[in-house]
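Here is how the chains run, residue by residue.
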Amino acid sequence: MKIIAVIPARYASTRFPAKLMQDLGGKTVITRTYEAAIATGLFDEVFVATDSEIIFNEITNKGGKAVMSIHQHESGSDRIAEAVSNMDCDIVVNVQGDEPFLNKQSLSNLLEVFKNDPARQIDLASLMRQITDESDINNPNNVKVVTDQSGNALYFSRSVIPYPRDENAGVRYFQHIGIYAFRKQALMEFHSLPMKSLEASEKLEQLRYLEFGKRIRMIETNEVSIGIDTPDDLEKARTML
């Protein structure tokens, strides 16, 4: 089973333009992420898929592997699908370019989903962590996920799900961590499917998979992810580093 990691990397960002090229301890954010992915030792190859010559040159000038996107894309999955369309691989892992602190154990747990799925019933796997702070639960930038008893995703939302009408029901809230592992076939099928209303409304690409009947297995982790979406996030990352 050949496993590759692809890091989708846009230069433009609504909340924090050029965030992937910001300095993080003497290296750019995107370089930190790329090197962290390689350092896990879990992947046969690691690529950056980008629409930016600046990011492309940042990676390739340091001896890394990068692929330039030919088309404009609505989501990271679409960008990755274009990049891997002619690559020989079985599993594709989407590593977020703005999350340079990768947890090897969590990634390994994702890959185990496919190793333990000989019937190929799982199309993709992703991570979630429990959140308990009310402000985290209510924050629309923290995507929440609910699952069935087998750990398969039922829905993702920026809203609070489930709604706590009965606060004594013992509900656990989970934040989605946006690292995915796909079967290549599922990823290519995603790329050919149209965006429907749920994805358009929430601006969450994973809803396209659910709307078209794909099965997403969620793996719980204790990993505290630091995504760099704002200058404040960058300062937190510098402190953590």
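Structure's up top.
Keep in mind it's a predicted model, so treat the numbers as computed, not measured.

The rules behind the values
- Residues numbered from 1 in each chain as written.
- Predicted model: local features only at pLDDT ≥ 70, side-chain atom pairs only at ≥ 80, totals over all residues.
- Heavy atoms only, no water.
- Buried < 20%, exposed > 50% of the residue type's maximum accessible area, 1.4 Å probe, protein only.
- Helix = DSSP H or I, 4+ residues; strand = E, 2+ residues; numbered from the N terminus.
- Pairing = 2+ DSSP bridges.
- Salt bridge = Lys/Arg side-chain N within 4 Å of Asp/Glu carboxyl O.
- Phe/Tyr/Trp six-rings, centres within 6.5 Å; stacked < 30°, edge-to-face > 60°.
- Lys NZ or Arg CZ within 6 Å of the ring centre and 35° of its normal.
- Arc of directions from axis to C-beta.
- Contact = heavy atoms within 4.5 Å.
- Axes fitted to C-alpha atoms, helices over the stretch in contact; angles between N-to-C directions.
- Parallel < 35°, antiparallel > 145°, perpendicular 65-115°, else oblique.
- Left-handed = near helix turned anticlockwise from the far one by under 90°.
- Polar contact = N/O pair within 3.5 Å; in protein donor to acceptor, adjacent residues only side chain to side chain.

*Asks:* Now, about the pairing of strand β1 (residues 3-9): what can you tell me, with residues and values included?
*Replies:* With 7 of 7 residues buried, β1 is to be regarded as a mostly interior element. Here β1 shows two buried faces, one formed by Ile3, Ala5, Ile7 and Ala9 and the other by Ile4, Val6 and Pro8. Across 6 bridges, the pairing between β1 and strand β4 (residues 45-50) is parallel. If you follow isoleucine 4 over to β4, its bridge partner there is glutamate 45.

*Asks:* Run through the pairing of strand β10 (residues 173-183), naming residues and quoting values.
*Replies:* Within β10, 11 of the 11 residues are buried, which leaves the element mostly enclosed by the surrounding structure. Bridge count for strand β6 (residues 91-94) against β10 is 4 bridges, and the pairing is antiparallel. By the bridge assignment for β10, asparagine 94 is matched with tyrosine 180. Two elements, strand β7 (residues 124-131) and β10, share 8 bridges in a ladder whose sense is antiparallel. Within the sheet, the bridge partner assigned to glutamine 130 lies in β10 and is phenylalanine 174.

*Asks:* Account for the pattern of salt bridges, with residues named and values stated.
*Replies:* Side chains that differ in sign of charge can pair as their charged atoms come close. By the definition in use, this model includes 14 salt bridges. Put simply, lysine 2 and glutamate 45 hold a salt bridge, and the shortest N to O gap is 3.2 Å. Of this pair, lysine 2 sits in the segment before β1 while glutamate 45 sits in strand β4, placing them 43 residues apart in sequence. Among the residues examined, lysine 2 registers a relative accessible area of 26% and is labelled partly exposed.

*Asks:* Talk me through the packing of aromatic side chains; I want residue IDs and the actual numbers.
*Replies:* Here the structure, examined in full by the defined rule, presents 3 aromatic pairs. Between the aromatic rings of tyrosine 180 and phenylalanine 182, the centroid separation amounts to 5.6 Å while the plane-to-plane angle is 25°, which identifies the pairing as stacked. Residue tyrosine 180 shares its accessibility class with phenylalanine 182, and that shared class is buried. Ring centres of phenylalanine 190 and tyrosine 209 lie 4.4 Å apart, and the angle between their planes is 15°; on these two criteria the pair is classed as stacked. With phenylalanine 190 in helix α6 (residues 184-192) and tyrosine 209 in helix α8 (residues 206-211), this pair connects stretches of sequence that are 19 residues apart. Residue class for phenylalanine 190 comes out buried when judged on its relative accessible area of 1%. Among the aromatic residues, those joined into a ring-pair cluster are Tyr180, Phe182, Phe190 and Tyr209. The aromatic ring of phenylalanine 190 is capped on one face by arginine 208, whose charged end is 4.0 Å from the ring centroid.

*Asks:* Account for α6, with residues named and values stated.
*Replies:* Note that an α-helix has 3.6 residues per turn; residues three or four places apart therefore point the same way. Restricting attention to buried positions, one finds in α6 the residues Lys184, Ala186, Leu187 and Phe190. End-on, the buried residues of α6 take up no more than an arc of 165°, which puts them together on one face. Exposed and oriented more than 90 degrees from the buried face of α6 are Gln185 and Ser192. Where the residues of α6 are buried, they touch α3 (76-84), β6, β10 and α8.

*Asks:* Tell me about the packing of helix α1 (residues 29-39) against helix α2 (residues 53-60), and name the residues and values.
*Replies:* Packing of α1 against α2 leaves a shortest axis separation of 10 Å and a crossing angle of 45°. Taken together, α1 and α2 sit at an angle that is classed as oblique. The element α1 and its partner α2 pack so that their crossing is right-handed. Contact residues: α1 offers Ile30, Thr31 and Tyr34, while α2 offers Ile55, Glu58 and Ile59.

*Asks:* Can you break down the side chain of aspartate 78 residue by residue, with the values?
*Replies:* Assignment of secondary structure puts aspartate 78 in helix α3. For aspartate 78, a relative accessible area of 7% translates into the label buried. Here histidine 191 takes part through its side chain, which lies 3.0 Å from a polar atom of the side chain of aspartate 78.

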